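# What the coordinates show
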Amino acid sequence: MGERVRVRYAPSPTGYLHIGGVRTILFNWLFARKHAGRFVLRFEDTDVERSRDELIQPMLDSIRWLGLDWDEGPDVGGPYGPYRQSERLHLYHQVVERLLAEGKAYHCYCTQEELAAQREAARAAGRPAVYNGRCRHLTAAERARFEREGRKPVIRLRVPDEGEIVVDDLVKGRVTFPVSQFGDPVLVRPDGMPVYNFAVVVDDHLMEITHVIRGDEHLSNTPKQLFVYQALGWEPPRFAHVPMILAPDRTKLSKRHGAVAVDEYRRQGFLPEAILNYVALLGWSPGDDREILSLDEMIELFDLDRVSHTAAIYDVEKMAWMNGHYLREADLDRVVDLTVPRLREAGLIDREPEGAERERVRAIVDAVRQRVRTLEELVEASRYFFADFDTYEEKGVRKYFDRDDSIGILEAVRERLVRVEPWTQEAIEAELRRLAEELGVGTGRVFHPTRLAVSGRTVGPGVFDVICWVGRERCLERIDRALAFIRSRRQAAGATGATRA
C-alpha cells in the first residue's frame with residue numbers, strides 16, 4: 001500500500017469486552033500486522049452518564065490476555081494522544097468553532113417537545129422524521145431571546161437538502177444513501193460534549209487513521225461522518241463494515257446463547273488462542289477448509305477481500321470444541337500451571353504440588369485433557385483422582401454392577417491389584433488382561449466394572465491410567481466400597497430380578 005496503514009479500535013468504556021469487540025480488535029490487529037502498520041487503541045468516553053473509568057483497565061487486561069498488543073493507546077502513549085476523548089475536548093471545540101465561523105454549523109435552540117412535534121408532523125406528511133432546519137437562519141435577536149429563556153443549544157451541521165451520499169465500502173461495495181433521510185446532525189450537545197459521529201471524525205483525522213474496520217451496525221453512521229469530512233475538507237479513511245454476529249437461531253446475540261464477556265470465558269477455562277482462532281472465522285475465511293490457525297498464519301492470510309457479506313453465526317459449542325483441540329495440543333506444563341490453581345480453588349489439593357506429587361498431577365492432567373474442552377471441565381473430570389465420591393453413574397450401575405458376575409470379578413480384580421508390582425500402567429494392564437483370560441471373559445467384563453468402582457464414572461481416561469493415578473490404597477478402598485454397594489443393592493431389591501447374566 002502506498003501509505004502506512006493505521007487502524008484503531010475505539011470502544012466506549014460502558015461494559016466488558018465481548019465476542020463482537022474481540023472480532024473487531026482482531027480484524028484491525030491482523031490488518032495492521034499484515035501491512036506492517038500501526039494498531040491504535042483509544043477510548044470514546046464522552047458519554048458521561050454511561051462511561052465508567054473502572055472498566056478501562058479490565059478491557060486492557062482482557063485484550064492483553066488474548067495475546068494482542070497495541071502500538072498507541074492511553075497506557076502506552078504515542079504521537080497522536082491523548083487517547084481518551086474526555087482528554088481531547090479542546091480539539092473538538094476548535095474544530096466546531098471553525099465550522100461555526102465558516103457557516104457550516106449553527107446553534108439550534110429547539111426543545112425536545114418541539115423536536116418531537118416536528119417529527120410527528122413529518123410522519124403525518126409522509127416525510128422522513130428528521131430535523132427540519134428550523135434554526136438554520138436565526139437572527140441575532142432570536143438567538144438572544146432563546147438565551148434569555150434559558151434554552152441550552154446544540155450545535156448542528158448544515159448538510160445538503162437533496163442528493164446522495166456514497167460509501168465505497170471495502171466489504172459491502174458501493175452503498176448509496178439519500179441525503180434527505182438524515183437532516184442536520186447534532187455535533188455538540190447542550191453540555192458541550194461532542195456526539196459520537198463528530199468526535200470520531202476529528203479523532204480519526206488527527207490520528208491519521210487510514211482504514212476503519214468495524215461492525216456493519218455502524219454503516220448507518222457512516223454518512224453522518226462523511227458529512228463532517230466533507231464540511232471540513234478532510235479526506236476520509238477507507239471503510240470496511242464486517243458482517244454482524246448472530247446467534248444460531250439468527251437472532252441478536254445475547255448471554256442466553258453463551259455470549260458472555262471475555263473474562264467469563266477465561267474463568268471457564270478457555271485458552272486465548274482458541275478464542276482468537278474461533279473468532280477469526282466469524283465472517284472471514286482463510287481461503288481453504290482449514291479451521292485451526294495460528295496468529296502468524298492469520299496474519300499471513302488475512303485479507304478484507306475474504307470477509308463475508310453475510311452475517312456470521314456464533315456457536316459456543318464450536319468454540320468449546322476448538323478449545324479442546326488447543327488444550328490437547330498445548331504444552332503440558334502450561335496446562336498444568338493453569339489447572340493447579342483451579343484444583344486448589346476446588347479444594348482438591350491444598351498446596352502447590354512438588355516433586356512426585358507434581359508428576360502425579362501432571363500425569364492426571366495429561367490423561368484427562370484428551371476428553372475435555374475447557375479447564376473447568378478438566379477439573380471436574382479429574383475430581384475422583386483427588387477426592388472420594390459417594391455415587392455411581394446410574395447407567396453404569398445397571399450395565400456393570402447388576403450383572404451376576406460383578407462381585408466375583410471385582411473381588412478378583414482387588415486380589416490382583418494387591419500384588420501388582422511395580423505400580424505402573426503397564427504392570428496393571430498386564431495383570432488385568434491376564435485375569436480376563438483366566439476367567440474366560442472379554443476384557444470389557446473386567447475393565448468396565450473396575451473403572452466404575454474406582455472412578456464412579458463410565459468414561460474417562462484409559463482405565464489403567466485411572467487405576468495407576470488414583471493409587472493402590474485408594475483403589476482397594478473404592479473396590480471394597482463398590483462391593484458393599486452392590487451387595488446392599490441386591491439385598492434391597494432381592495437376590496432375583498435385580499441381577500442379570
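Here's what I pulled together on the structure shown here. What you see is a predicted model, and the numbers here were worked out from it, not measured in a lab.

### A closer look at the sheet that holds strand S7 (residues 186–188)
- Spatially, three strands are ordered S3-S4-S7 in an open sheet, and the strand pairing comes out antiparallel. Lying at the two open borders of the sheet, with one neighbouring strand each, are strand S3 (105–108) and S7. In this sheet, neighbouring strand axes are inclined to one another by 45° on average, regardless of whether the strands run parallel or antiparallel.

### A word on the packing of aromatic side chains
- Evaluated as defined, the whole model comprises 13 aromatic pairs.
- Seen from their ring centres, Phe 182 and Phe 227 are 5.7 Å apart, and the 80° between their planes marks the pair as edge-to-face. Remark: Phe 227 occurs in helix H7 (residues 222–232) and Phe 182 occurs in the loop between strand S6 (173–178) and S7; sequence separation between them is 45 residues. Side by side, Phe 182 and Phe 227 carry an identical accessibility label, which is buried.
- Ring geometry for Tyr 265 and Phe 270: centres 5.3 Å apart, planes at 80°, overall edge-to-face.
- Given a relative accessible area of 1%, Tyr 265 falls into the buried group.
- What makes Phe 270 buried here is its relative accessible area of 4%.
- Put simply, the rings of Phe 389, Tyr 392, Phe 401 and Phe 485 pair up and form one aromatic cluster.
- One Lys or Arg, Arg 481, reaches over the ring of Phe 389 and ends 5.9 Å from the middle of that ring.

### Concerning the pairing of strand S8 (residues 211–215)
- Most of S8 is tucked away: five of the five residues are buried.
- Relative to strand S9 (residues 238–242), S8 runs parallel, the two sharing five bridges. Bridging across to S9, Ile 213 finds its partner in Ala 240.
- Handedness of the crossover joining S8 and S9 through H7: right-handed.

### Digging into helix H20 (residues 463–470)
- Across the eight residues that make up H20, a large majority, six, are buried.
- Within H20, burial applies to Val 463, Phe 464, Val 466, Ile 467, Cys 468 and Val 470.
- The secondary structure elements touched by the buried residues of H20 are helix H13 (355–368), helix H15 (383–386), helix H17 (406–419), helix H18 (425–439), helix H19 (443–455) and helix H21 (472–493).
- Taken from the residues just after H20, Gly 471 is the one with a positive phi, measuring 100°.

### Looking at the side chain of Asp 203
- Residue position: Asp 203 is located in helix H6 (residues 196–206).
- A polar atom in the side chain of Asp 203 sits 2.7 Å from the side chain of Arg 88.
- With residues up to four places along the chain from it excluded, the contact list for Asp 203 reads Arg 42, Gln 85, Arg 88 and Tyr 92.

### Description of unusual backbone geometry
- Here the residue pair Gly 81 and Pro 82 is connected by a cis peptide bond, since its omega of 0° sits within 30 degrees of zero.
- Along the chain, the position of Pro 82 falls in the loop between helix H2 (56–65) and helix H3 (89–101).
- Following Glu 421, the chain continues to Pro 422 via a peptide bond in cis, the omega torsion being -10°.
- Assignment of secondary structure puts Pro 422 in the loop between H17 and H18.
- Of note, Glu 208 is a non-glycine position whose phi angle comes to about 55°, a positive value.

About the thresholds
Each chain carries its own residue numbering, running from 1 in the direction its sequence is written. The predicted nature of this model means local features are confined to residues of pLDDT at least 70 and side-chain atom pairs, given and counted, to a pLDDT of 80 or more, with totals for whole chains, interfaces and linings taken over all residues. Just so you know, side-chain values use all the structure's heavy atoms and leave hydrogens and water out. Whether two strands pair comes down to DSSP finding at least two bridges between them. The numbering of helices and of strands both runs from the N terminus, where a helix is a DSSP run of H or I of at least 4 residues and a strand a run of E of at least 2. What counts as an axis is a line fitted to C-alpha atoms, over the stretch in contact for a helix, and the angles between N-to-C directions run from 0 to 180 degrees. Planes of paired rings set the category: under 30 degrees apart is stacked, over 60 is edge-to-face and the rest tilted, where pairs are Phe, Tyr or Trp rings (Trp by its six-membered ring) whose centres lie within 6.5 Å. Between buried and exposed lies partly exposed: a residue is buried under 20% and exposed over 50% of the maximum accessible area for its type, with that area taken using a 1.4 Å probe on protein chains only. Definition used: whenever NZ (Lys) or CZ (Arg) falls within 6 Å of the ring centre and also within 35 degrees of the ring normal, the charge is taken to sit over that ring. With the strands aimed away from the viewer, a crossover counts as right-handed if its path from the first strand over the helix to the second runs clockwise. Contact definition: two residues touch when any of their heavy atoms are within 4.5 Å. Here a polar contact is taken to be a pair of N or O atoms separated by no more than 3.5 Å, where protein atoms must pair a possible hydrogen donor with a possible acceptor and residues adjacent in sequence count only if both atoms sit in side chains.

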